[in-house]
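Here is what each chain is made of, one letter per residue.
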Amino acid sequence: MASPILELDHVIKRYPLARSFAALLAMKPRPVLKAVSDVSFAIEAGETFGLVGESGCAKSTLGRLSGGRGAPAVWARGARRALRGSPR
């Protein structure tokens, strides 16, 4: 069996949010928006892959991550992105 042409394993994407002045003074940790949490999939040559979901559920973010246009803010332990033919 050939290796997948695209494979994501345990990918996470988080966006930092702004802190209020009171939270800054209280030294509270910066809040984050969890856009993608622990997503894994593999696409073999000749397969059709569909990604569906509600508006605002991070479909475009996942597409950018899988295409290499965005770096995950956080990699889960053991996470990786593999694109066959890519030097990454």
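Reading the values: the criteria
Residues numbered from 1 in each chain as written. Predicted model: local features only at pLDDT ≥ 70, side-chain atom pairs only at ≥ 80, totals over all residues. Heavy atoms only, no water. Helix = DSSP H or I, 4+ residues; strand = E, 2+ residues; numbered from the N terminus. Buried < 20%, exposed > 50% of the residue type's maximum accessible area, 1.4 Å probe, protein only. Contact = heavy atoms within 4.5 Å. Areas by Shrake-Rupley, 256 points an atom, 1.4 Å probe, with all protein chains shown as cover. Phe/Tyr/Trp six-rings, centres within 6.5 Å; stacked < 30°, edge-to-face > 60°. Core = buried A, V, L, I, M, F, W, Y, C linked by side-chain atoms within 4.5 Å.

Caption draft 1: Summary view of the overall build of the protein. The helix and strand tally for the protein stands at two helices and three strands. Each helix (α) and strand (β) of the protein, taken in turn from the N terminus, gives the series β-α-β-α-β. Every one of the 88 residues in the protein was classed for burial, and the buried ones make up 26%. Put simply, of all contacts in the protein between residues at least 6 apart along the chain, 62% involve residues at least 24 apart. Here the protein has roughly 6,400 Å² of accessible surface; of this, 56% comes from carbon and sulfur atoms.

Caption draft 2: Region of the structure containing the packing of aromatic side chains. One pass over the structure, following the stated rule, counts one aromatic pair. For the ring pair Phe41 and Phe49, a centre distance of 4.5 Å and an interplane angle of 20° mean the geometry is stacked. With relative accessibility at 16%, the residue Phe41 sits in the buried group. Overall, the relative accessible area of 41% leaves Phe49 in the partly exposed class.

Caption draft 3: Geometry of the nonpolar core. Among the nonpolar cores identified, the biggest contains nine residues, and these are Leu6, Leu8, Val11, Val36, Phe41, Ile43, Ala58, Leu62 and Leu65. Taken together, the elements giving at least two residues each to this core come down to β1 (6-16), β2 (32-43) and α2 (59-66).

Caption draft 4: Fine view of unusual backbone geometry. One non-glycine residue, Met27, lies in positive phi territory at about 55°. Within the secondary structure, Met27 is located in the loop between α1 (21-25) and β2.

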